[in-house]
Amino acid sequence: MTELIDKNNLRVDGRKLDELRPIKMQVGILKNADGSAYIEWGKNKIIAGVYGPKECHPKHMALPDRALLKCRYHMAPFSVDERKSPQPSRREIELSKIIREALSPAILLEEFPRTAIEIYIEVLQSDGGSRVASITAASAALADAGIPMKDLVVGCAVGKIDGKIVADLSDIEDKEGEVDLPVACMPNLNSVTLLQSDGPLSKEEFKKAFKLALDKCRYVYDIQRKALLEGYLAKTKEA
Amino acid sequence: MSKIRRKFVVPGDLIVRGDYKPVANVYREGNSIYSLKVGLSEIEGRRVRVIPLSGRYAPRVNDVVVGIITDINPYAWTVDINSFFSAFLPATDVFGKRFSPERDDLTSRLKLKDVILAQIISFDRSKDPMLSAQGPRLGPIRGGHLVKISPVKVPRLIGRKGSMTRMIEEATGTRIIIGQNGYVVINGPPEKIPLAIKSIEMVEAEAHLAGLTENIQNFLSKSLGRKIESEKFDGE
């Protein structure tokens, strides 16, 4: 097995156990979408675009009491080492569903009955933790579109590699490590909207990992909030 | 007048704690008021609201909007009002109670792509907005230049009691019709229209900045080479 943590407690990319990869975020990068955001999280490069609320098509899918939230997570053919077929894979369909479910508690869908809100997430380059990066970008794009939300949603993954709890797994750590535990939450409302796990953790380990994830979500939230603020200040400068 | 406090907020930001009244784009959770949108929070006395910086037009009854005819059926026109619902203008509103689909041809009054100024007379969660083109100033708009701006910027383009629109109109010698939905029609001599468009675009771009009126005033004065006056209000 590859050694993921060296004797100095440093990880393969030289990070400390609780250190995140560098994150850069930008809001309002697409002119044609109602709202958009771009995130670089380690080697992840992801664009999220939002339309809506808009008239729901096909009409029979419209809900009488709230907006229909549609979400597509898609990986570009060039986002991974070997060309990925552009058609939605089993994994992409699953991620679309869990991202939709992670975002919908924040959105006031009942304000827009019979309409649709569409989220398109395009992964240009993929690394570990793309689902939490996508959620973070998509929620910023929703805010940019002016859709009423109770809170922003941010995500951060934690996990267990070489028997130790670490924050923000990279691709290799995700594949070689023992557990990946992505968490998304609404920091101001103190609620969790996504919690997945792909391996066993003891009760103590889970408590530690979960707390670490929430702490790191706070950190990502600050970056996301700053990106929104700067997005609107930048528009000011253009004028 | 009580002092207004403004602050940049994003969804979920705590605006204020205590005995306050949520007015617009905010929600209350227990004793605290949080923002629902990206915008500027405003506390005026006990009233708390957020002025959004982005978003689509949400129809409201009594709003006057500029609409574009997108479809015609034997009983009504379908009108694009820049919102998540298309509005409809019933034929009886234009032809009167005596309207008969066999006798009256809707295209004789309004054709596809015609622009109208209309008022939303009914809208709720279960029904699409219904328009009326009967009333002072309402009806077809013949001629002019259509500009689309973000609906959240409309209040700034109107200004206090219409002062911003009046300033642009007087300076450029045009007539400006503003729909609450962000569609704006400019009428006037062709050579005057580009400056009016430019001023409107400037209002849209700088809507959330302080000193908007002075900026537009300076821009117009510079472009025209003469001093443009703006209306002064107490407390500005």
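Quick caveat, the model's predicted, so the values are computed rather than measured.

If you tally the helices and strands in chain A, you get 4 helices and 9 strands. Along chain A, helices (α) and strands (β) appear in the sequence β-β-β-β-α-β-α-β-β-α-β-β-α when read from the amino end. If you line up chain A on its principal axes, its C-alpha atoms span 55 × 45 × 40 Å. Of all 239 residues assigned to chain A, the portion counted as buried reaches 51%. Contacts in chain A between residues at least 24 apart in sequence constitute 67% of all its contacts with a sequence separation of at least 6. When the accessible surface of chain A is split by element, carbon and sulfur atoms take 52% of a total near 11,000 Å². Between the averaged position of the 36 positive side-chain charges in chain A and that of its 36 negative side-chain charges there is a distance of 3 Å.

Listed as interface residues are 32 residues of chain A and, on the opposing side, 27 residues of chain B. With both sides pooled, the region where chain A packs onto chain B buries about 2,500 Å², and carbon together with sulfur makes up 57% of that total. Broken down residue by residue, the surface that chain A buries against chain B is led by Glu55(A), Arg114(A) and Tyr232(A), which jointly contribute 23%. Viewed at the interface, chain B and chain A are joined by 3 salt bridges. Two residues, Arg225(A) and Asp13(B), come together in a salt bridge whose shortest N-O distance is 2.4 Å. Put simply, chain A and chain B have 18 residue pairs in polar contact (both at pLDDT 80 or more) between them. Secondary-structure elements contributing two or more residues to the side of chain A that touches chain B are strand S3 (44-55), helix H2 (130-144) and helix H4 (203-238) of chain A. The element that contributes the greatest number of residues to the side of chain A that touches chain B is H4(A), accounting for 6 residues. Split by residue class, the side of chain A that touches chain B holds 16 nonpolar, 5 polar and 11 charged.

Bringing the environment of Glu170(B) into the picture now. All names here are of chain B. Here Glu170 is to be found in helix H3 (residues 163-172). By relative accessible area, which is 59% here, Glu170 ends up exposed. Placed 82 residues apart in sequence, Glu170 and Phe88 show a C-alpha to C-alpha distance of 34 Å.

Glancing now at the packing of aromatic side chains. If you walk through the whole model with that rule in mind, you get 9 aromatic pairs over all chains. For the pair Phe206(A) and Phe210(A), a centre-to-centre distance of 5.5 Å together with 10 degrees between the ring planes defines the contact as stacked. Of the two residues, Phe206(A) and Phe210(A) both sit in helix H4, 4 residues apart, roughly one turn of that helix. Site record: aromatic cluster; members linked through ring pairs are Phe112(A), Phe84(B), Phe85(B) and Phe123(B). Its end group placed over the ring of Tyr51(A), Lys54(A) keeps NZ or CZ at 5.5 Å from the ring centre.

Let us look at the sheet that holds strand S6 (residues 39-44) of chain B. All names here are of chain B. Spatial strand order, S1-S6-S7-S3: 4 strands in an open sheet with mixed pairing. The open sheet terminates on both sides in strands that have one partner only, identified here as strand S1 (4-9) and strand S3 (21-24). Along the sheet, successive strands turn relative to each other by an average axial angle of 25 degrees, direction set aside. Where S3 lies against strand S7 (residues 47-52), 3 bridges are found, and the strand directions are parallel. Bridge pairing links Ala24 to Arg49 in S7.

Next up on the list: the domain arrangement of chain B. All names here are of chain B. Structurally, chain B comprises domain 1 (4-52), domain 2 (64-141) and domain 3 (145-224). Put simply, the middle of domain 2 and the middle of domain 3, counted by C-alpha atoms, are 27 Å apart. Between domain 2 and domain 3, the residue contacts involve 10 residues of the former and 11 residues of the latter. Taking both partners together, domain 2 and domain 3 bury about 830 Å²; carbon and sulfur atoms supply 64% of that area. Per-residue buried area on domain 2 facing domain 3 is highest for Val66, Asn82 and Ile141; these three make up 53% of the total on that side. At the junction of domain 2 and domain 3, the tally comes to 0 salt bridges. Our count for the domain 2 to domain 3 interface comes out at 5 residue pairs in polar contact (both at pLDDT 80 or more).

The next subject is the sheet that holds strand S6 (residues 154-161) of chain A. All names here are of chain A. The strand order S7-S6-S8-S9 describes an open sheet built from 4 strands, whose pairing is antiparallel. Across the chains shown, the open sheet's two edge strands, defined by having one partner strand only, are strand S7 (164-167) and strand S9 (191-195). Averaged over all pairs of adjacent strands, the angle between their axes in this sheet comes to 30 degrees, without regard to strand direction. Examined bridge by bridge, strand S8 (residues 179-186) and S9 share 4 bridges and lie antiparallel to one another. Within S9, the residue paired with Met186 across the bridge is Ser191. On top of the sheet, H2 reaches S6, S8 and S9; it is set at about 165 degrees to S6, its chief contact.

As a further point, take the pattern of salt bridges. Oppositely charged side chains may form a pair once their charged atoms are brought near each other. Residue and element names in this part refer to chain A. In this structure the tally under the stated criterion is 28 salt bridges over all chains. Of the charged contacts, one joins Arg21 and Asp168 as a salt bridge, the two residues approaching to 2.5 Å between their closest N and O atoms. Of this pair, Arg21 sits in the segment before strand S1 (23-27) while Asp168 sits in the loop between S7 and helix H3 (171-176); the two residues are 147 residues apart in sequence, bridging distant segments of the chain. You can call Asp168 buried: its relative accessible area is 1%. For Glu101, the salt bridge is made with Lys97, and the minimal N-O distance between the two is 3.1 Å. One end of the pair is Glu101 and the other is Lys97, both in helix H1 (residues 90-103) and 4 residues apart, which spans about a single turn. The exposure class assigned to Lys97 is partly exposed, which follows from its relative accessible area of 39%. Each of Arg11, Asp13, Arg15, Arg21, Asp127, Asp168 and Glu173 takes part in salt bridges that share partners, so that together they form one network.

Rules used in this analysis
- Residues numbered from 1 in each chain as written.
- Chains lettered and ligands numbered in written order.
- Predicted model: local features only at pLDDT ≥ 70, side-chain atom pairs only at ≥ 80, totals over all residues.
- Heavy atoms only, no water.
- Helix = DSSP H or I, 4+ residues; strand = E, 2+ residues; numbered from the N terminus.
- Buried < 20%, exposed > 50% of the residue type's maximum accessible area, 1.4 Å probe, protein only.
- Contact = heavy atoms within 4.5 Å.
- Areas by Shrake-Rupley, 256 points an atom, 1.4 Å probe, with all protein chains shown as cover.
- Lys, Arg positive; Asp, Glu negative; His and termini not counted.
- Charge placed at Lys NZ, Arg CZ, Asp CG, Glu CD.
- Buried area = accessible area lost by both parts, 1.4 Å probe.
- Salt bridge = Lys/Arg side-chain N within 4 Å of Asp/Glu carboxyl O.
- Polar contact = N/O pair within 3.5 Å; in protein donor to acceptor, adjacent residues only side chain to side chain.
- Nonpolar A, V, L, I, M, F, W, Y, C, P; charged D, E, K, R; others polar.
- Phe/Tyr/Trp six-rings, centres within 6.5 Å; stacked < 30°, edge-to-face > 60°.
- Lys NZ or Arg CZ within 6 Å of the ring centre and 35° of its normal.
- Pairing = 2+ DSSP bridges.
- Axes fitted to C-alpha atoms, helices over the stretch in contact; angles between N-to-C directions.
- Domains from an automatic or database assignment.

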